[in-house]
Amino acid sequence: MISSDSATAAALMSDQAAMELVNLKKRIYLTIMSSLDFEECAHKLLRMELQPGQEIEVCRMVVECCSQERTYLRFYGMLAERFCRLSREYQALFEQTFGDQYAMIHRLETNKLRNAAKLFAHLLHSDAISWDVLAGIHLNEQETTSASRIFIKVLFQEVAEYMGLARLNARLTDPRKQAVFAGLFPRDTPRDTLLPESVAFMQQEAPDAAFVLWLGDSPTRYSLHLNHTQSDQDIWADIEHVAARLRDGFAARGVPVYPVLGNHDHNPETGCAPPEQDPAYYARLARVWGGVLGLPQDAAATTARGAYYSVRAAPGLRLVVLNSVLYYSANPHTANSSTLKDFGGQLAWLRSTLARAEAAGERVLVATHIPPVVDLAAPQWQPYYQEQLAQALAPHADLLLGVGCGHDHTDSFARLGTLSGQSTPFVAVHAVPALTPDLSVLPLPPGRTDADTKNPALRLYDYDAELGVLADYAQYYIDLAAANAAAPQRPDWRISYRAATEYGMHNLSAGELFAAAERIAQDRSAWCRYLRHFLVEKAFVVDSPVIRKDLVCTMLYTDPLRALKCALAFPYPEFDCNATQQPRSSSTTTTTTAP
């Protein structure tokens, strides 16, 4: 208990502290108002006897007095600059004040926020404070208000007037500051920009499409690019928003949309727990996919059991969607499991679904987010579950059109097979690039310091129902550099290539993909085109023996050990796509038979 005398004393101390703060602000205000110029004002303020921790009040009052003026007075910018020049402590405090002011900018009238923006513009252009303060600005619909957008506009208009456009552009494109400016110039925004553009393009390009396959990762990836972790509420808002966009663009027009669970569709990333541990997550996902996108009732029911389902996507064609995040090698909930379980009963369900499809004479297309392929750098699937998938698909290889997947943001193909021997049938795997212009997996070449991102992309498949095969696909992309240069015009979707023509294939079967992989392994022109497509038509590519060995051997071999032996021995020509000279061949060139 606290006695009444103690409570009274505490209240008096609190009142006294508040009164001292008010008196301090009055003294600072009167000093500022009575000074003839900024030098006199700085001298008087520095002579004030301040208690430790009260220095921040000087910074706040400078900004407050500036915002109260009818128009911006340069006096305040020069005064704040003088304090920053005199003391690193005041520089840090003005940087803190910038963050505090931006956080409460929605409370200010337009005139006040204009004056504040011009004050901080002065400090930025003069380098009195660090430009790192801009890292706290995330210019997107969710994290800005009309007031904050006006503040940003005035801030940069003023800085541009001080510095000139050339110097400002040089500062904003400084490669050492790109992490700071990532929020100002968001590039990873499929939700707000690329998704609507892609929907509009596909409505025009394929108005009679049989269905749309969304391969997962709906949330905007702040945690990778803006150093900002999304909450559960943020994740679900993004999932629901993307679902609504796809519904309005396609499902409402009679084109069904079938979603796949991605590893980023959960908080934290890759941490999607099995349905036995987190049934509420899967139940909510089923409500979104069923209620917003209109999944059939039986598909929504299995979604609630583990985010997997099957639908009759077209006459004679069955789509089987799997939850590959359960088997992701980076998933802490399943990768470290002491026992190898069939989480959510997905594998047993897959086997029975394939058996029913074969009995009904249906062709089957399988969709996953994580590619079930060999990766020499690090396995994407946990090896046990990748083998279980291969064994489940192998008996039905004749009816399988292939496996479509995303995740890597690259354009590639491979095959999936069991480890039981060469006679096992193979299944084609198509890794489709993404709308998100993700950072490249390859290093920058010598002398290049610009941002290294791949272009946004989408793909349109041709299905030959009479022959029961995937006949071809058209790969489209947006050239980011050209789109940014042409802003505010709408970005232009361009065709990258058609697979049958580019790789010399009759269709997209596993056998045709293997033949194309052999040509890519042997021919320099074919290899360089494949590498350019792999990086989604980047303006430049980096080629190296390590990259070539990895990509070629994982296309040719489905057994990790044989792929590794291929990479070590590598009996293929050595090419350099950045070189102008003829390719230098190794001492032995052989033709590989199907492994």
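Each chain has its residues counted from 1, following the order in which its sequence is written. Totals for whole chains, interfaces and linings use every residue, but because this is a predicted model, local features are given only for residues with pLDDT of at least 70 and side-chain atom pairs only at 80 or more, for both listing and counting. With hydrogens and water excluded, all non-hydrogen atoms of the structure serve as input to the side-chain values.

This paragraph deals with the overall build of the protein chain. Where helices and strands are cited, they refer to DSSP runs of H or I of at least four residues and of E of at least two residues respectively, numbered from the N terminus. Along the backbone of the protein chain there are 23 helices and 11 strands. Exposure categories follow from relative accessible area, calculated using a 1.4 Å probe and restricted to protein chains: below 20% of the type maximum is buried, above 50% is exposed, and the middle band is partly exposed. Among the 595 residues that make up the protein chain, the fraction classed as buried is 53%. Whether two residues are in contact is decided by their heavy atoms, any of which lying within 4.5 Å being enough. Pairs at least 24 apart in sequence give 70% of the contacts found in the protein chain among residues at least 6 apart. Residue-level accessible areas treat just the shown protein chains as cover; the underlying method is Shrake-Rupley with a 1.4 Å probe. Accessible area for the protein chain stands at about 27700 Å²; split by element, carbon and sulfur atoms hold 53% of it.

So, about unusual backbone geometry. Although it is not a glycine, Val536 adopts a positive phi angle of roughly 55°. As for its position among the elements, Val536 is in the loop between α21 (524-534) and α22 (545-556). Non-glycine residue Phe570 carries a positive phi angle of around 40°. When you line up the elements, Phe570 lands in the segment after α23 (560-569). Classification of Phe570 as buried rests on a relative accessible area of 6%.

With that settled, the discussion passes to the pairing of strand β10 (residues 469-478). β10 sits mainly inside the fold: 8 of its 10 residues count as buried. We call two strands paired when DSSP finds no fewer than two bridges between them. Bridging between strand β9 (residues 457-464) and β10 involves 8 bridges; their strand directions are antiparallel. Among the inter-strand pairings, Leu460 is bridged to a residue of β10, identified as Ala474. Linking β9 back to β10 in an antiparallel pair, the connection comprises 4 residues, with Gly468 at a positive phi of about 70°. Relative to strand β11 (residues 493-498), β10 runs antiparallel, the two sharing 5 bridges. The partner of Ile478 across the bridge, within β11, is Trp493.

Take the pattern of salt bridges next. The term salt bridge refers to a pairing of a side-chain nitrogen on Lys or Arg with a carboxyl oxygen on Asp or Glu at a separation within 4 Å. Across all of its chains, the model carries 18 salt bridges by this definition. When the shortest N-O distance is used, the salt bridge between Arg247 and Asp248 registers 2.9 Å. For Asp411, the salt bridge goes to Arg459, with nearest N and O atoms at 2.8 Å. With Asp411 in the loop between β6 (400-405) and β7 (412-416) and Arg459 in strand β9, this residue pair connects regions lying 48 residues apart in the sequence. A single burial state applies to Asp411 and to Arg459, both of which are buried.

On the basis of which strands lie adjacent, the open sheet formed by 6 strands has the order β3-β4-β5-β6-β8-β7 and mixed pairing. Strand pairing shows two members of the sheet lacking a second neighbour, β3 (309-314) and β7, which therefore form its edges. Going across the sheet, the axis of each strand differs from the next one's by a mean of 25°, ignoring polarity. Bridge count for β6 against strand β8 (residues 427-431) is 3 bridges, and the pairing is parallel. Bridging from a neighbouring strand, Cys405 pairs with Ala431 of β8. Axis geometry follows a simple rule: fit a line to the C-alpha atoms, using only the stretch in contact for helices, then measure angles between N-to-C directions, giving values from 0 to 180 degrees.

Here we take up a nonpolar patch on the surface. Together, Tyr29, Leu30 and Met33 give the surface a local cluster of nonpolar side chains, amounting to about 300 Å² of exposed area. Relative to the helices and strands, Leu30 is located in helix α1 (residues 4-34). Exposure above 30% relative accessible area and the lack of any salt bridge qualify a residue for a patch; like charges then connect within 9 Å, and the nonpolar side chains Val, Leu, Ile, Met, Phe, Trp and Tyr within 5 Å.

A few words on the packing of aromatic side chains. Two aromatic rings from Phe, Tyr or Trp, using only the six-membered ring of Trp, form a pair when their centres are within 6.5 Å; if the ring planes differ by under 30 degrees the pair is stacked, by over 60 it is edge-to-face, and anything between is tilted. A complete count under the given rule lists 25 aromatic pairs for this structure. Ring plane angle 75° and centroid distance 6.1 Å describe the contact between Trp289 and Tyr309, whose orientation is recorded as edge-to-face. Here Trp289, found in helix α13 (residues 279-291), pairs with Tyr309, found in strand β3; they are 20 residues apart in sequence, far enough to count as distant. Judged by its relative accessible area of 4%, Trp289 falls in the buried class. With a relative accessible area of 0%, Tyr309 lands in the buried category. Summarising the aromatic geometry, the rings of Phe413 and Tyr530 are spaced 5.6 Å apart at their centres and angled 75° between planes, so their arrangement reads as edge-to-face. Taken as a pair, Phe413 in strand β7 and Tyr530 in helix α21 lie far apart in primary sequence, 117 residues in all. For Phe413, a relative accessible area of 6% corresponds to the buried category. Classification of Tyr530 as buried rests on a relative accessible area of 1%. Site record: aromatic cluster; members linked through ring pairs are Phe413, Tyr461, Tyr473, Tyr497, Tyr503, Trp527 and Tyr530. Charge-over-ring placement is defined geometrically: NZ (Lys) or CZ (Arg) within 6 Å of the ring centre, and within 35 degrees of the ring normal. Arg415 extends its terminal NZ or CZ atom over the ring of Phe426, reaching a point 4.3 Å from the ring centre. The ring of Trp527 carries the charged tip of Arg548 above its face, separated from the ring centre by 5.1 Å.

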